[in-house]
Every structure is written in C-alpha cells, then in structure tokens.
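Summary of the model geometry
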Amino acid sequence: MSRLLRLATALFCTTMLLPWGAHAEGFPADWRAATLRDTLQFEMASRHTGARYVIQVGVPHAPPPAGGYPVLWMLDGNASYPLTSFARPHADDTRQGSRREGPRSSRPAGVIVAIASANDSPFDVDGRARDYTPVPDAATGDRLSPRFGGAAAFRQFLVEELRPRIAQQFPLNPQGNTLFGFSYGGLFTVDALLTDSRHFQRYWAASPSLWFSEALLARRLASSAQINAGAGAKVVLTVGEDEQYPATPVPAARQEHLNQRAIVDHVRRAGAALAAANPGTGVTTVVARDHDHFDMLMHGARRVVEFAFAP
C-alpha cells in the first residue's frame, strides 16, 4: 500500500504541474490545461525571505460564519493542496462523506491558503530547507541543501505579508488559523507552536523532521520546564510506523538510517511532552501502521480540512 500511495501522490502532483501550454504541441487542439476546482492563484514576493511564492487559494463553498472564515495554511502547496482539494467541500457537492454524514456542502466553510515555491516543483528541496527550518545549533543531518535556519523570516512572511493580503478578500476569524506542514513543513509547524503560538490556534505536523540539527526541537521539548504551546491550542502529530519500524525487512544501511533519525520515538515523546507541559493544549499523536514517510502527507491532507474548519 505504501508504494501505491507514493506513486499515486507523485502522479497526481505531477499532472497538476505540467509545464506545457494550454495546447501543447502534438496534442489535440481540444485538450486544455487542467485546473483545480474553485481555486485561485497568484504570485507574491516576500521582503522577509527574499523569495517568491505561488499562492493557491481554495475559495469557500458557503458564506462566512459569524466571526469570519477559519483559514487552513498549507505548506508545500504544490504537493499538499491538490490532495486536499478533492476532500474539501464545494458549493454544489452532494457527495456523502460517509453513511452517517450529510452532503459535503453542508460542512463548515473556510479558506484554504497553500504556499508553494514559484518553480512549480512539488517539493522545492533547497527552498523548503531554507524556509522551514530553525537556526541549527549542530550538524543538520541534511546532505542535500546548502542553506537552513529561515523559519523566523518565513513565519513573518506568512503572518505579516500574506495574511493581510488574504484578509483583503475574505472576512477572516483571527482565532481560526490552522497550520499544516509535512516533513520539514511539519518541523516548521512544531517550531511555530513552540516559538510563538499567538499566530495559529491549530497545528497539524505530519511526520515532522524532529531529527533536524541533532533533534534540536526534540531537545527543546525535553528540557523546557514550561512549554508555552498556547492555551487552548489543538495539536496533531503524526508519523508512519514504517519510518522507524518497517513491517518488512529493509537493507541494513536503510535500517541504520531510520534508527539514527528515530522519528517515531521523537514524535511520541514530543506529543507526551506537549501534553504534560500544557494540559490546556489538546494533543493527539498518531502512529499509523503500514505507513511510511510520504504516506503521511496523504494521510494528513485528506483529514486536515475537517480538523481546521470544525467549530
């Protein structure tokens, strides 16, 4: 199942990002570029990070509730948002979510804001390493990217530049912000919770890279006498069991790599530390059997809308 899910994710993300024009050479004239339903898009440069981003906005399917729309802020938008788009409600959607649920169009409405690299890659390897990581205090453990430590600047971009622009178009609930991140994005999500929890009230960290910089955030969680996670915040930490304890044998070098990163152990300890340090924080920790790292992106993307927009 894990390999099939990874393949489906890769194919889906790739088809949403084909670089060809509306009538690519060699294809029939009536073949047009595909677009995501009820979605608008614009580009935006940040004075804080110095980078340029593509912003995809999932338009709400219903009028705003009293107090304004809640907002789901999604990192790695080119990869995460297409997976979430099919799961979110639409105005004319009569599909049943399950036998016990009514039409999806009757679900609470909210705005989805997905932030992606301007290079159209599902995962901008170097950009996310720069934007999503805190300043390291030890060896990063990342052998691919040259720059790290831009989380504070990227958080300023989200809160001080992007959020006001979205608020110009939609009435927003200032107490209804959910942050969703996967892998390095999950690391950013946990860092935002620990550093300054005023800006988001709900957090979904899917397979967060807590191994980064010799487990920098895990050490912060373990050593802090009091973790200011924000009164009343809701937090979901998820990880695939196969990320450390694979159900089927893997090569010895691969198992050693998994053991060194110890992501399942880190997530379990992080959830326990957050819950113990701040009883007012609702913390849910999920260790998903038969799931590996990339499975957790799909696992979260199909569930986070309900988490973000529920009263």
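Scroll up for the structure.
Residues numbered from 1 in each chain as written. Predicted model: local features only at pLDDT ≥ 70, side-chain atom pairs only at ≥ 80, totals over all residues. Heavy atoms only, no water.

Considering the overall build of the protein
Convention followed: Elements are defined by DSSP. Helices are runs of H or I of four residues or more, strands are runs of E of two residues or more, and each kind is numbered from the N terminus. Remark: exposure states derive from per-residue accessible area (1.4 Å probe, protein chains only) relative to the maximum for the residue type, with buried under 20%, exposed over 50%, and partly exposed in between. Here, residues are in contact when the closest pair of their heavy atoms is within 4.5 Å. Accessible areas in this description were obtained via Shrake-Rupley with a 1.4 Å probe; residue shielding takes into account the shown protein chains only.
From N to C terminus, the protein includes ten helices and eight strands. The burial tally for the protein puts 51% of its 311 residues in the buried class. The long-range fraction of contacts in the protein, counting pairs at least 24 apart against all pairs at least 6 apart in sequence, stands at 72%. Carbon and sulfur atoms make up 54% of the accessible area of the protein, which amounts to about 15100 Å² in all.

Let's talk about the sheet that holds strand β7 (residues 234-240)
The test is simple: The pairing criterion is simple: DSSP has to find at least two bridges between the two strands. Working convention: axes come from line fits to C-alpha atoms, limited for helices to the stretch in contact. Angles between N-to-C directions cover 0 to 180 degrees.
What the eight strands build is an open sheet, ordered β1-β2-β4-β3-β5-β6-β7-β8; its pairing is mixed. The strands lining the two open edges of the sheet, one partner per strand, are β1 (39-45) and β8 (282-288). Put simply, the sheet's adjacent strands are angled 15° from each other on average, direction ignored. As paired elements, β1 and strand β2 (residues 52-58) share seven bridges and run antiparallel to each other. Across the sheet, residue M44 finds its bridge partner in β2, namely Y53. Helix-sheet contacts for helix α5 (residues 184-195) involve β5 (172-182), β6 (202-206) and β7, and the interaxial angle to β5 is about 140°.

Some details on the packing of helix α4 (residues 151-167) against α5
The relative placement of two packed helices is expressed as an angle between their axes plus a distance between the axes. Let me state the cut-off plainly: Throughout this description, any angle smaller than 35 degrees is read as roughly parallel, any larger than 145 degrees as roughly antiparallel, any in the 65 to 115 degree range as roughly perpendicular, and the remainder as oblique.
Running from N to C, α4 and α5 point in directions that differ by 80°, and their axes come no closer than 11 Å. Our classification of the angle between α4 and α5 gives roughly perpendicular. Contacts between α4 and α5 involve A151, F154, R155 and L158 from the former and F188, D191, A192 and T195 from the latter.

A short note on the pairing of β5
Burial analysis of β5 places eight of its eleven residues in the buried class, the great majority of the element. Bridging between strand β3 (residues 69-74) and β5 involves five bridges; their strand directions are parallel. From the neighbouring strand, M74 faces β5, where its bridge partner is F180. Where β5 meets β6, five bridges bridge the pair, whose relative direction is parallel. Its bridge partner lying in β6, T178 is registered against R202.

Looking at helix α3 (residues 125-132)
Within α3, six of the eight residues are buried, leaving the element largely enclosed by the surrounding structure. Along α3, the residues classified as buried are G127, R128, A129, R130, D131 and Y132. In this structure, the buried side of α3 is in contact with β2, β4 (111-117), α4, β5 and α5.

Regarding the pairing of β6
Here β6 lies mainly inside the structure; five of its five residues are buried. Burial along β6 is two-sided: R202, W204 and A206 facing one way and Y203 and A205 facing the other are all buried. Of the pairings in the sheet, the one linking β6 to β7 comprises five bridges and is parallel in character. Residue W204 lies in a different strand from β7, and its bridge partner there is V236.

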